[in-house]
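One-letter residues, chain by chain:
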Amino acid sequence: MTASVNAYDPDLVGLLAELVAVPSFSGEEKPVQQCIVRWLAAAGIEAGLEDADGGLKNVVATIEGRQGGPVLWIGGHCDTVGVASDWSKKPHGPVIENNRLYGLGAMDMKGGLAAAMLTVRALHRSRDRWSGKVIFSALADEEAWSRGANAFVRKDRGIDAAIMCEPHFDDVVIGALGKINLRVAVKGRSAHGSRPEQGVNAVVEAARLIVAIDGLDRFSHPEFGRASHCVLNVASGDGRYEIRVPDQTAFVVNWHFMPGETPEDAVETIRGLADALGSAAQFTVTIGEPRYESFLLDRQDAFVTQFCDSYRHVLGKEPELRFGRGVSDANIFAGRAGIPALLFGPDGANMHAGDEWVDLDQLHLARAVYLDFARCFLKSNHKSPLQ
């Protein structure tokens, strides 16, 4: 059960409502990013729009402390999925009912972004009282291809720790599965459909491989068990009706993997299954985007233990450190770029569905955890209440 907050901060709730009111589907984040830049500028924080892949942008703001020190990143994605068909409220008309703010993206993850922005404002106001650097980012395209995160991490910014403000409140995610899409192309040999023995049917050979993939005994992680895989689609021909043995087929496998497995391992596994068929067809296996590496932080890492201290201090309970079975931009930060990253933020319900909402108590408490951690991590001597 979430601890209650005595009074809601109108700045925090108002900012969240403002962000939710601006549509920001994946690839269409510019209006909400401009809103974020304006809000930061009004707070005296200079923010810019950095180029990301596909013509997209990322909001990036950097705040320097009184002297050199550790570099903390905080933020997350500002895009949302599309509008589900089962909304009973206006997706971009934020409304508060029973300590919940309803709206598309309220939980995933404009609530976390708003809490991060208020945290950054408080740190900016007290920047003469801590050491190091804080980087805030509102990234594009996490719900699709993670083009924002991939562009952001290409530049080495010296980040020592990253808080991805995703909706994980009762648990703190310190690791996650990786995920790739494997594309398998099968090349057979054409023949007349009445003489199938004269050809090599690419559809049949693909089906044989798919059956082998389905029965695959995957690597078992000693703590987290096995990852999953699923054939997503199969395509052959151009849709025309022909009495011809198909010579080209392709299918896509959505492949999750544990720490200890790699995308290259997956390719070799599929190639090995194909070789074992003794097929006359040719099989080509490639890795497609998006690509998310797995990652796992050490529970005894100073970043993790310090964050847990702040969690206990603010919430009065032990955090559950968890391994995530989904992917996020944290996979890009930690798995691809080697930036220690964890996931924590205000939760709610109905993510990617109608009537999505975020818990307003958790919104405020998450902001308190962020600020408590940041001041400790950045060697702060600031003791005043939240600003």
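This section reports on the structure supplied with the text. (Residues numbered from 1 in each chain as written. Predicted model: local features only at pLDDT ≥ 70, side-chain atom pairs only at ≥ 80, totals over all residues. Heavy atoms only, no water.)

## Details of the side chain of Arg218
So, point 1. Relative to the helices and strands, Arg218 is located in the loop between helix H5 (202-214) and strand S10 (220-221).
So, point 2. Not counting residues up to four positions away in its chain, the partners in contact with Arg218 are Arg226, Ala227, Ser228, His229, Trp255, His256, Phe257 and Glu261. (Helix = DSSP H or I, 4+ residues; strand = E, 2+ residues; numbered from the N terminus. Contact = heavy atoms within 4.5 Å.)

## What about the nonpolar core?
So, point 1. In terms of nonpolar packing, the biggest core is built from 66 residues, with Ile36, Phe136, Ile163, Leu342 and Phe344 touching the most fellow members.
So, point 2. Broken down by element, the residue count for this core peaks at 12 residues, all from helix H3 (residues 106-125).
So, point 3. If near-sequence neighbours (up to four positions away) are discounted, Ile163 is found in contact with Leu72, Trp73, Ile74, Gly75, Phe303, Phe307, Leu342, Phe344, Tyr370 and Phe373. (Core = buried A, V, L, I, M, F, W, Y, C linked by side-chain atoms within 4.5 Å. Buried < 20%, exposed > 50% of the residue type's maximum accessible area, 1.4 Å probe, protein only.)

## Topic: the sheet that holds strand S4 (residues 95-97)
So, point 1. In spatial order, the strands read S4-S5-S19-S18; together these four strands make up an open sheet with antiparallel pairing. In the strand order of this sheet, the two ends are held by S4 and strand S18 (348-349), each with one partner.
So, point 2. Taken together, the three bridges between S4 and strand S5 (residues 100-102) define a ladder with antiparallel strand orientation. Bridge assignment links Glu97 to a residue of S5, and that residue is Arg100.
So, point 3. Along the sheet, helix H1 (residues 10-20) makes contact with S4, S5 and strand S19 (357-359), crossing S5 at roughly 20 degrees.
So, point 4. Helix H9 (residues 360-377) rests against S4, S5 and S19 of the sheet, and its axis sits at about 55 degrees to S19. (Pairing = 2+ DSSP bridges. Axes fitted to C-alpha atoms, helices over the stretch in contact; angles between N-to-C directions.)

## Some thoughts on helix H8 (residues 329-336)
So, point 1. With respect to burial, H8 is a largely interior element, six of its eight residues being buried.
So, point 2. Within H8, the full set of buried residues consists of Asp329, Ala330, Asn331, Ile332, Phe333 and Ala334.
So, point 3. If you check the start of H8, you find a side-chain oxygen 3.1 Å away from the backbone N of Ala330, and it comes from Ser328.
So, point 4. Immediately beyond the C-terminal end of H8, within one or two residues, lies Gly338, with a positive phi of roughly 75 degrees. (Polar contact = N/O pair within 3.5 Å; in protein donor to acceptor, adjacent residues only side chain to side chain.)

## A look at the environment of Val134
So, point 1. Structurally, Val134 is set in strand S6 (residues 133-139).
So, point 2. Residue class for Val134 comes out buried when judged on its relative accessible area of 1%.
So, point 3. For the pair formed by Val134 and Val20, sequence separation is 114 residues and the distance between their alpha carbons is 25 Å.
So, point 4. Sequence-distant contacts of Val134, defined by excluding residues within four places in its chain, comprise Ala61, Thr62, Ile63, Leu72, Ile74, Val120, Leu123 and Leu378.

Without other data, these values stay purely geometric and don't point to any function.
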